[in-house]
Every structure is written in C-alpha cells, then in structure tokens.
Amino acid sequence: LQRRTTREVEAFLSSELRGPQQAIQAMADAVQSGMVDPHDERRTALYLSRLAGVFPNAPFLNYGLADGTFIGVGQGGNRRDPQLVLVVTRPESVLRTAQYKLLADGGRGKLDYSTGISDFRLAPWYAQPLQAGRPIWTQIYNWDDQPEVMALGAGMPIRREGRVIGVAGVDMILANISAFLHGVAGRRGVVLYITDQDGLLVASSTGQRPFDLVNGTARRRPPSRDPDPWIRASAAAAPARLDGQRPRQLSFREGQRRGLLRLTPWRGG
C-alpha cells in the first residue's frame, strides 16, 4: 500500500512540475519573437488563456514587466474553477491590483475586487529569476492580495531585442496538490503530507492549510505543529534528515494506536 501510494504521488508531482517549466519557455519565446506584447492587455490575456488550455498543470500564468505592468490569467484562488480570471496592475498604479472575470476574447468581465499590494517587482517570483538570469523555481510564497493562497513559482527572464524587460511566471498553487493528496488518502485510507528541505509543510491530505495566517501574514509551519494528530505523531518519530535517497519505513504510536510511516525523499522538477 505504501509503495503504490508513493508511486501515485510521485507520478502526479512529476506531471505537475513539468507543465510550468514548459509554459514559461513558451511565454518567453512569444515575447522575444514579437508574437506577444504584454502591454497589449486583451491580446496577451487571450494568448495566456489559450496557453492555460495547453498546459492544465500551469494554473496561473503571468507577465511582470520592469515598468510596473503586470498581467496574469488563470485560477483565481485555491479552488480550481473553469472560469479563468484576469489580474492586472498598471505602471501608474503599481501598488494596486484588480481581478476580473476573463471574457472569451481576452477582455475584462465582472470586477471581482481591487486592492492595494506591495510592488510586485520586489516579490520572489519576479526578483529571483532576474537575479539568476535563467529559468528557476522560486521559493514558496503567498499571494500578496490573497494571503490564503500559497504558491511555488516557475519564472524566467523575458527579453525583447536582446534586452531584459521582465519575467514570465507560472504559479503552481499548492492547494491543488493538497486536493490531490486528499483524494488519494480517501481512496487508500492513509494520511499524506509533503515537506520541503527546511522541514516545513508544503501540502497535506487533511484539508487543513499548511500554514497559519497571523494578522493577514502567512507563516508556514512544521508537521510537528499540524492540527492532525497522525501528522504530529509521525513527525515526532521521523528522523531530522534522511540519509541518501532511499525510502525509510518506521512504526510509531499515536496515543493507543499504532501507525506505519514511509518517508520518501523526492527531487523531481
């Protein structure tokens, strides 16, 4: 059961991580070739919406430019919805963003909200790819306008006429991974969770957020502080680090109940 479940999760993660990297390359190529001008909101939104159909594992696609222009299309929060949203920020109001329903022609539909934000050019998804000068995965972060949304970013610099003008990015919304784990756990009768190299939660099958919101600021937590007793007990039994890349199987106790734990290192993407 543990081996079958591990294989299923690993296959899902490999698929999820492949799409964003392919999507940002396509987005960067489209700008460099002149096919897409991110300053043209309607045509860019239409292009991104079509790209979202090609890469269903790239839930939110966006361009951020050095002049303060931002345009993003995709999933508007933690729940997948066939209705895509359009998010825009303009140079003249870079500290404010607006989210709209996306029309079929790439235009703005109903306004969902407009809110103040920090300058996106200081955010990890934008600054880290520019600093690296190549496609990378950024650190995990929470959306500024919706801190209940946690994401892992794939980003790469975009160029026009040989000059870097901004970043093409895809947000991998981590609630989607939790939703998948929840489905697997329900079918197999297990509890699943993923941590990063720092030992902080990335996703879990319990339906709980893997972070706490304190005064509107997200603070990620280790599994030892998770609300789920099985996760807490298994974390107490797990070694601080795994030696090598081999899975480990352990037993532990949660109160009067016995649990079986499989720890699997994974370095995909």
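Structure's up top.
Cut-off values and rules
- Residues numbered from 1 in each chain as written.
- Predicted model: local features only at pLDDT ≥ 70, side-chain atom pairs only at ≥ 80, totals over all residues.
- Heavy atoms only, no water.
- Salt bridge = Lys/Arg side-chain N within 4 Å of Asp/Glu carboxyl O.
- Buried < 20%, exposed > 50% of the residue type's maximum accessible area, 1.4 Å probe, protein only.
- Pairing = 2+ DSSP bridges.
- Helix = DSSP H or I, 4+ residues; strand = E, 2+ residues; numbered from the N terminus.
- Axes fitted to C-alpha atoms, helices over the stretch in contact; angles between N-to-C directions.
- Contact = heavy atoms within 4.5 Å.
- Core = buried A, V, L, I, M, F, W, Y, C linked by side-chain atoms within 4.5 Å.

J.: Help me understand the pattern of salt bridges in this model?
T.: Proximity of charged atoms lets side chains of opposite charge pair with each other. Enumeration according to the criterion identifies 15 salt bridges in this entry. The salt bridge partner of R221 is D226, with a shortest N-O separation of 3.5 Å. Classification of R221 as buried rests on a relative accessible area of 3%. On the accessibility criterion, D226 (1% relative accessible area) is buried.

J.: Is there a simple way to think about the sheet that holds strand β5 (residues 108-116) in this case?
T.: Strand pairing in a sheet relies on backbone hydrogen bonds. The paired strands run either parallel or antiparallel. Reading across the sheet, the eight strands line up as β5-β4-β3-β2-β1-β8-β7-β6 and stay open at both edges, with antiparallel pairing between neighbours. The open sheet has two edge strands, β5 and β6 (136-142), and neither has a second partner. Strand-to-strand twist of the sheet, defined as the mean angle between neighbouring strand axes without regard to direction, takes the value 20 degrees. Alignment of strand β4 (residues 96-102) against β5, held across six bridges, turns out to be antiparallel. Residue pairing across strands places T97 opposite T115, the latter belonging to β5. The sheet strands contacting helix α4 (residues 174-188) are β6, β7 (150-160) and β8 (163-173), and the helix crosses β8 at an angle near 25 degrees.

J.: Looking at this structure, how should I read the pairing of strand β11 (residues 211-214)?
T.: Within a regular strand, the side chains alternate between the two sheet faces. Two strands pair when backbone bridges link them, and β11 and strand β12 (residues 217-220) are joined in this way by four bridges, in the antiparallel orientation. Opposite F211, over in β12, you have R220 as the bridge partner. What sits between β11 and β12 in their antiparallel hairpin is a turn of two residues, with N215 showing a positive phi close to 55 degrees.

J.: Please clarify how unusual backbone geometry should be interpreted in this entry.
T.: Most peptide bonds take the trans configuration, and most residues that are not glycine carry a negative phi. Residue E161 is not a glycine yet carries a positive backbone phi of 55 degrees. Here E161 lies in the loop between β7 and β8.

J.: How should the environment of P239 be read in this particular structure?
T.: One can find P239 in the loop between α5 (229-237) and β13 (248-254). On the basis of relative accessibility, which here comes to 30%, the residue P239 falls in the partly exposed class. Each C-alpha atom of the pair P239 and L263 lies 9.5 Å from the other, and the pair is 24 residues apart in sequence. Excluding residues within four positions of it along the chain, P239 makes contact with R248, L250 and L263.

J.: What am I meant to see in the nonpolar core here?
T.: Counting residues in hydrophobic clusters, the biggest one holds 30 residues, and the most contacted among them are M27, Y47, L61, Y63 and I158. Those elements that place two or more of their residues in this core are α1 (2-32), α2 (41-54), β1 (60-65), β2 (70-74), β3 (85-89), β4, β7 and β8. Here this core takes six residues from α1, the largest share from any one element. Ignoring anything within four residues of it in the chain, the contact list for M27 reads Y47, L48, L51, L61, N62, Y63, A168, G169 and V170. In terms of nonpolar packing, the next biggest core, distinct from the first, is built from 16 residues, V9, L13, L174 and L192 among them.

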